[in-house]
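# Working through the structure, step by step
Spelled out, the chains give:
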Amino acid sequence: MTVKEIFQTMDYGPAPESAEEALTWLVDQGSRFGHFIDGQFTKPATGFDSTNPATGEVLATLTQATQADVDSAVAAARKAQPKWEKLGGPGRARFLYAIARLLQKHSRLFAVLETLDNGKPIRESRDIDVPLAQRHFYYHAGMAQLMDDALPDRAALGVCGQIIPWNFPLLMLAWKIAPALAMGNTVVLKPAEYTSLTALLFADICRQAGLPAGVVNIVTGDGAVGEMIVNADVDKIAFTGSTAVGRRIREATAGTDKELTLELGGKSPYIVFDDADLDSAVEGLVDAIWFNQGQVCCAGSRLLVHEPVADRFYAKLRARMDKLRIGNPLDKSIDVGAIVDATQLKTITDMVAANSDGDMHQTACDLPAQGCFYPPTLITGLDTAHPLMQEEIFGPVLVATTFRTPSEAVELANNTRYGLAATLWTENINLALDVAPKLAAGVVWTNATNLFDAAAGFGGVRESGFGREGGWEGLTAYTKPKDAKKPLSLIAPFEGDKGPADGIDRTAKLYIGGKQARPDGGYSTPVYGKNGTLLGHAAQSNRKDVRNAVEAAQAAKGWAKTTGHLRAQILYYIAENMYARADEFAARLNALQGGRTGAQEVSDSINTLFTAAAWADKYDGQAHGVPIRGVALAMKEPTGVIAALCPDAHPLLGLVSLMAPAIAMGNRIILGASQPFPLVATDFYQILDTSDVPAGVVNILTGPHEALAGTMARHMDIDAVWSFSDPALSETIRKGSASNLKRTWIGTSLPTMRDTLTAATEVKNIWIPYGE
Ligand code: NAI
């Protein structure tokens, strides 16, 4: 080839990375692996092959874990946990630093092994996966060091079961193991069956770092092993993978006290406005959808282009696609490597082949004769409800449509059951910062895409799951409050046979959309005081009442956009109005509950209202310094519509403790009043009426919680269900919540202000360019 020809074609020569060291490491291990349990590798047993998807060559044989293997891994983790926690933050930090340093030392070996096993380009495993995994251990070594100071009232959960997917095998392992260990937990981790090799190399690193036996345990196998871990005696399950499996895990853990975080799928929008730097936006797409062959949960897989520039943008994009290099993942100049496995390749191929809508463009290239390769694909002109615009393809396939106005862009972007990430391209900072808060997503990138850092939390809303990984918020998922609080007791309603003290029979109505509402079913229950006097009747709410309350709450969505200052003023106003009627409320509480604790409960409730008001404009987000020319704004957003069942005891304080922080953060709430003592809640709405609370922000239902719990949990327009009622309802609530993967919070003691503020907010990380 002449120099002139080289300049004309701009072809790169191959630049292959050697696989020798990694293959030698596999041979040194006997090319057969057992599990890593209690600090040792077990003897290899019956299992399955791990292959290189780029060539089909068998790399090693792995062992399918049995129930006995999982049990012994959990037992080892259980035994090691107390000592590991007692080691203290600084003691654990030393081990995490040691692991980080060893990951750094062996980074090339990790990168090559990852590429061999997964098929991703070496450029990515070398420059992204492995450095980010190291960064995660360094960052969390720091978190361990700071735990005693920064989180003095948090303790480890215990043993964590962690199940990870195949798209970022080492990186997902780091995201799971580093924070768990930092906070004093021990772990049993299962890598995905296609990609377990770097997890086993990591086990070797743990040994080299002198990590105490049992702190990290790794068992290999397929989904059946995942299920065994889910059902094992662990305190938490952390899962990353498909929404279908996530939903199954939610159901399987519903009747237990296991903590759960789910990081699931997505169909993330990539929005290009007409004033964007189009060439950069095209280059961004290479990172959004062709990074890791599109097998990325937050891939920018749904392109939305501003109509005036759409044709020009598509033309540039097609031209760029035709320059993508597809082939041997170990070649350093390759852009797109192999799909992880033939099964996944078939899923992608079938989904695209079944479609005949829109215009399809595929990178014109000769795919390697063997191995799992799929060409970069663009399908334009699909309507927003098209299955390919809605379903996660999890491959190098980009689907696109156009929009006319920013508000239409937001509407299209949010037209999905997912809410993981979103990307915005515009040169107009006003537009970017106007649109970012309106997107239903846990992460928003501006003029860049697929940026990750340990300091910035990652995770989604809606059916993309719940919980965050990374940042301060990620630690909540690996800790629990240190001190045991006084448990709430269940209270049977008083029975009676006397009529009303004043001879007047009163039936309290429900409170829906700022108005008193008759219950749909027309039934009510008598409420007696301790001495058997009839105090009134409380309505029995049914499914339709819940539906009406949800509609009212949804209609009040403007509340989320009000300022913290305004919400604080309204909460102060509620407190003032309650103060003015303190004696009346105290008397009502005494009549309902018997005894003389009413005055104290009113005073505590007023204090809670004032505290929530104080937090309304102070429970702020953070700006994370991320080591990429930018800043990640961790903004607190309201969770949405919350349904909350109040505790039996403390019928006023319990209600106020849930309501006040929730509305302070901009949520709308549907409260199920204390079951035995509902009438103080129905008095309370008179206070709401006189305190400028907009209609629909607070709705109050009465009646048996058993009936309310299931309806609330299954309702698709409720974002979270909190229950401080009968713990026996928790299974119904958690199972029902799997419908739209709503957040659940089951409390057994009066909620603290801090915990309620956390439950009432989601953190959205908005990455913006900043600095040099
Ligand atoms: P998957 O969700 O089945 O696998 C993820 C992990 O869960 C693996 O370790 C697997 O062994 C384990 N697992 C499977 N069934 C389980 C069960 N019942 N209980 C506990 N653990 C279980 O994902 P799969 O089948 O590998 O990929 C299918 C689709 O899932 C992909 O096409 C993609 O759409 C999506 N996916 C999403 C990921 C994400 O990061 N959001 C990652 C991987 C897949």
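Residues numbered from 1 in each chain as written. Predicted model: local features only at pLDDT ≥ 70, side-chain atom pairs only at ≥ 80, totals over all residues. Heavy atoms only, no water.

Under an unreviewed UniProt entry, the name given to the chain is Aldehyde dehydrogenase, and the organism recorded is Pseudosulfitobacter pseudonitzschiae. Annotation of the chain in UniProt includes, under Sequence similarities (unreviewed entry), the sentence "Belongs to the aldehyde dehydrogenase family." (UniProt positions renumbered as here; feature names shortened; annotations may be inferred.)

## Points about the side chain of Arg302
Within the secondary structure layout, Arg302 lies in strand β12 (residues 300–306). In this structure Arg302 is buried but unpaired, with Asp383 as the nearest side chain of opposite charge at 11 Å. Reaching out from Arg302, the side chain makes a polar contact with the backbone oxygen of Lys267 at a distance of 3.0 Å. Sequence-distant contacts of Arg302, defined by excluding residues within four places in its chain, comprise Lys267, Ser268, Pro269, Tyr270, Met389, Leu398, Val399, Leu412, Ala413, Asn415 and Thr416. (Helix = DSSP H or I, 4+ residues; strand = E, 2+ residues; numbered from the N terminus. Buried < 20%, exposed > 50% of the residue type's maximum accessible area, 1.4 Å probe, protein only. Lys, Arg positive; Asp, Glu negative; His and termini not counted. Salt bridge = Lys/Arg side-chain N within 4 Å of Asp/Glu carboxyl O. Polar contact = N/O pair within 3.5 Å; in protein donor to acceptor, adjacent residues only side chain to side chain. Contact = heavy atoms within 4.5 Å.)

## Observations regarding the nonpolar core
Grouped together as the largest cluster of nonpolar side chains are 117 residues, with contacts concentrated most on Phe137, Phe202, Val216, Ile218, Leu303, Phe313 and Leu317. No other element matches helix α7 (residues 169–182), which puts 11 residues into this core. The two domains that each donate at least three residues to this core are domain 1 (19–263) and domain 2 (269–459). Ignoring anything within four residues of it in the chain, the contact list for Ile218 reads His35, Phe36, Leu173, Leu189, Pro191, Ala199, Leu200, Phe202 and Ala203. Counting 60 residues, the second-largest nonpolar core is a separate cluster that includes Ala586, Ala673, Leu688 and Ala760. (Core = buried A, V, L, I, M, F, W, Y, C linked by side-chain atoms within 4.5 Å. Domains from an automatic or database assignment.)

## Some words on the site of the ligand
Of all residues adjacent to the ligand, which total 26 residues, the nearest are Ile164, Trp166, Lys190, Glu193 and Ser242. One nitrogen or oxygen atom from the side chain of Lys190 is found 2.8 Å from an oxygen atom belonging to the ligand. At the level of secondary structure, the elements contributing two or more residues to the shell around the ligand comprise α9 (223–231), β9 (236–240) and α10 (243–252). Looking at the shell around the ligand residue by residue, the class counts come to 12 nonpolar, eight polar and six charged. Residue assignment places the shell around the ligand across two domains, with domain 1 (19–263) and domain 2 (269–459) each supplying three or more. (Near = heavy atom within 4 Å. Nonpolar A, V, L, I, M, F, W, Y, C, P; charged D, E, K, R; others polar.)

## Here's the deal with the UniProt feature "domain: Aldehyde dehydrogenase" (unreviewed entry) in the chain
In the numbering adopted here, UniProt assigns the feature "domain: Aldehyde dehydrogenase" (unreviewed entry) to residues 46–482 and 531–744. For residues 46–482, the end-to-end C-alpha separation is 43 Å, with 42% helix and 18% strand making up the annotated structure. The straight-line gap between the two end C-alpha atoms of residues 531–744 is 37 Å; of that span, 49% is helix and 19% is strand.

## So, the sheet that holds strand β24 (residues 534–539)
One open sheet holds the three strands; their spatial order is β20-β24-β23, and the pairing between them is mixed. Of all the strands in the sheet, just β20 (507–508) and β23 (524–528) have a single pairing partner and so form its edges. Inspection of the sheet shows β23 paired to β24 by five bridges, in the antiparallel sense. Residue pairing across strands places Val527 opposite Gly536, the latter belonging to β24. (Pairing = 2+ DSSP bridges.)

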